[in-house]
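# Observations on the model geometry
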Amino acid sequence: HARPQFVVKEKRSAMENLYSISSFEDVKTSSYKLSVIVPLFNEESVLPIFHERLKNVLSDLNHDWEIIYVDDGSTDRSYALLGQLRADNPKVGIARFTRNFGKEEAMSAGLRLATGDAAIIIDSDLQDPPELIPKMITAWLAGADIVNMRRRQRSGESWLKKATAHAFYRVINRLSDVPVPADVGDFRLLSKRAVDALNLLEERNRFMKGLFAWVGYKHVTLDYDRDARAAGTTKWRYWRLWNFALEGITGFSVAPLKIATYLGLVFSSMAFLYALYFLVKTLLIGESVRGFPTLIVTVMILGGLQLMAIGIIGEYLGRLFIESKRRPLYLLEQYQPPSQSEDSVNP
Ligand code: UDP
Ligand code: MG
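Numbers given for residues are sequential positions, taken from 1 along each chain in its written order. Starting at A for chains and at 1 for ligands, labels are handed out in the order in which the entities are written. Reporting of local features is limited, given that this is a predicted model, to residues whose pLDDT is at least 70; pairs of side-chain atoms are given and counted only at 80 or more, and all residues count toward the totals for whole chains, interfaces and linings.

## Some words on the overall build of the protein chain
- For the protein chain, the helix and strand inventory stands at twelve helices and eight strands.
- Looking at the 347 residues of the protein chain, the share that counts as buried comes to 31%.
- Long-range pairs, those at least 24 residues apart, make up 85% of the contacts in the protein chain between residues at least 6 apart in sequence. Under the DSSP-based scheme used, a helix requires at least four consecutive residues in state H or I and a strand at least two consecutive residues in state E, with every element numbered from the N terminus. Once C-beta atoms are placed from the backbone, each residue is buried if 20 or more other C-beta atoms lie within 10 Å of its own, exposed if 12 or fewer, and partly exposed for counts between those two. It is the C-beta atoms, placed from the backbone, that decide contacts: two residues are in contact if theirs lie within 7 Å.

Put into C-alpha cells, the structure is as follows:
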C-alpha cells in the first residue's frame, strides 16, 4: 500500500496543516490498511464493550483494518472471549503469550505482527477512547509518523498516581538523551516505517515510551481527556510503577552512574579541606580527643553513599546481565492471524 497523498491547501505550519486537510470524509476515500494493537491482561469484564466500540469506529473508516489482540497470559476468560470475537470477525488476530510478560512486551509483539500501513496501540480498558482513531489517522495522513496522544486530564486515577507520573516525566526528561513527551501514554499511532524502525530494536529493556522517542521521525501530539477505566481494575501497583520508572531511567540514561563520581568528588574535596583545617588547628592549638558525633555522622554518610553507588552500578550490571543472555522478549503460545481481507489478497 502506498501512503495516500493529500493536497494541503496552503503552506502553513505543520500543526496548522493538520487541521487544514479538508476533512476526514476526504481521507476516507484513499486506500490503506490500519492495524490496531491491543495488549490485554485479564480484561474479561471490559473486553466485549471495548471490542464493540472499537469495531464501530473501524467499520466507519471504510478502510481495510485488522485488530491484533495480544493476550499477555490472562488467567480469566479473556482468551476464550477473544476466540469468540475472532469467530465473529475474521479481521481479528489473537496472539497469546505463554505467561504474563508485561505490557511493553505485549506491545512489542503486536508491532511485530502488525501488517498495516499504520499501527495504533490502544489500551483495552477504554481509558483511551477508540473514537479518537479517525483524528489520529488524519494527523498521520497529513504527514506525521508518530501521533502521540497527550492526556489533558486523567479521570478516575488517584492523585498519588498522577503526582508520581508527573514527577517521573520530569526526572526522565532531565536525565534522558531523547525527550520523552510528558503525559503521553502508550496510546499512539505509528506509521509503517516507524514500526519497522522499532522492530529493529532488539534490547530486552522495553521502555516503549523512550523507544518511541528514540526512533525519531516526525511526531505530532494531540490532546485528549483520559477516561476512567470502564470496568475491571488497574494492573499496575506502585512497586511495579517504581520498577517501570527504573527501567526507563536506566534504559535511557547513564547519568545515575555518574552520581557516584561527582558525590565522591564533592566529599573528597570536603575531606581534604577538613584535613587541612585539622592540621593547622592541631599545630596551632593542639587537639583534645573530642568529635565523636562528627565521626559517626561522617562514617554513616559515607557508608550510605557507598552502598547507594554500588546499588546504582548493580542496577546497570543487572540489566547488562539480562541483555547479555539474549533471551527472546516473549514467547507466543499461539498466533491466530487475522484472515486476509479481500483487497489485500494477491491474485
Ligand atoms: N496490560 C498488559 N499486561 C500487563 C498489564 C497490563 O497487557 O501485565 C494491559 C491491560 O490489559 C490494559 C493496558 O495494558 O489493556 C493498560 O493496563 P492498565 O489499565 O492496568 O494500566 P493503567 O491504565 O492503570 O496504567
Ligand atoms: Mg488503564
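Next comes the rest of the write-up.
## Observations regarding the nonpolar core
- Connectivity within a nonpolar core runs through C-beta atoms within 7 Å, and the core itself is a set of buried Ala, Val, Leu, Ile, Met, Phe, Trp, Tyr and Cys residues. Formed by 64 residues in total, the largest nonpolar core has its most connected members in Val36, Ile37 and Ile120.
- It is helix α6 (residues 133-141) that provides the largest number of residues to this core, a total of six residues.

## What about the UniProt feature "transmembrane region" (unreviewed entry) in the protein chain?
- UniProt positions are given in the numbering used here, feature names are shortened, and annotations may be inferred rather than shown by experiment. Within this structure's numbering, the places UniProt gives as "transmembrane region" (unreviewed entry) are residues 259-280 and 292-317.
- Here residues 259-280 is 100% helix and 0% strand, with 32 Å between the C-alpha atoms at its ends.
- Across residues 292-317 one finds 100% helix and 0% strand; the C-alpha atoms that close the span lie 37 Å apart.

## Examining unusual backbone geometry
- For Asn42, which is not glycine, the phi torsion reads 50° and is therefore positive.
- By the element assignment, Asn42 lies in the loop between β1 (33-40) and α3 (47-59).
- C-beta crowding within 10 Å serves as the criterion here: with 20 such atoms nearby, Asn42 is assigned to the buried category.
- Of note in this structure, Arg326 is not a glycine but carries a positive phi near 50°.

## With respect to the pairing of β1
- Of all eight residues that make up β1, seven are buried, and the element is covered over most of its length.
- A strand pair is defined by DSSP finding two or more bridges across the two strands. With eight bridges connecting them, β1 and strand β2 (residues 64-71) associate as parallel partners. When the sheet's bridge partners are listed, Lys33 is paired in β2 with Asp64.
- Look down the strands so they point away from you; if the path from the first strand over the helix to the second goes clockwise, the crossover is right-handed. Traced from β1 through α3 to β2, the parallel crossover comes out right-handed.
- The pairing of β1 with strand β4 (residues 118-121) spans four bridges and is parallel. Directly across from Leu34, in β4, lies its bridge partner Ala118.

## Topic: the environment of Lys33
- Topologically, Lys33 is positioned in strand β1.
- For the pair Lys33 and Asp64, spaced 31 residues apart in the sequence, the C-alpha separation amounts to 4.6 Å.

## Description of helix α11 (residues 255-284)
- End to end, α11 covers 44 Å across 30 residues, agreeing with the expected 44 Å (1.5 Å per residue, within 8%).
- Taking burial as the measure, the 30 residues of α11 include zero buried ones, a minor fraction of the element.
- Once α11 finishes, Gly286 follows within two positions and takes phi at roughly 85°, a positive value. To estimate the expected span of a helix, count its residues, drop one, and scale the result by 1.5 Å.

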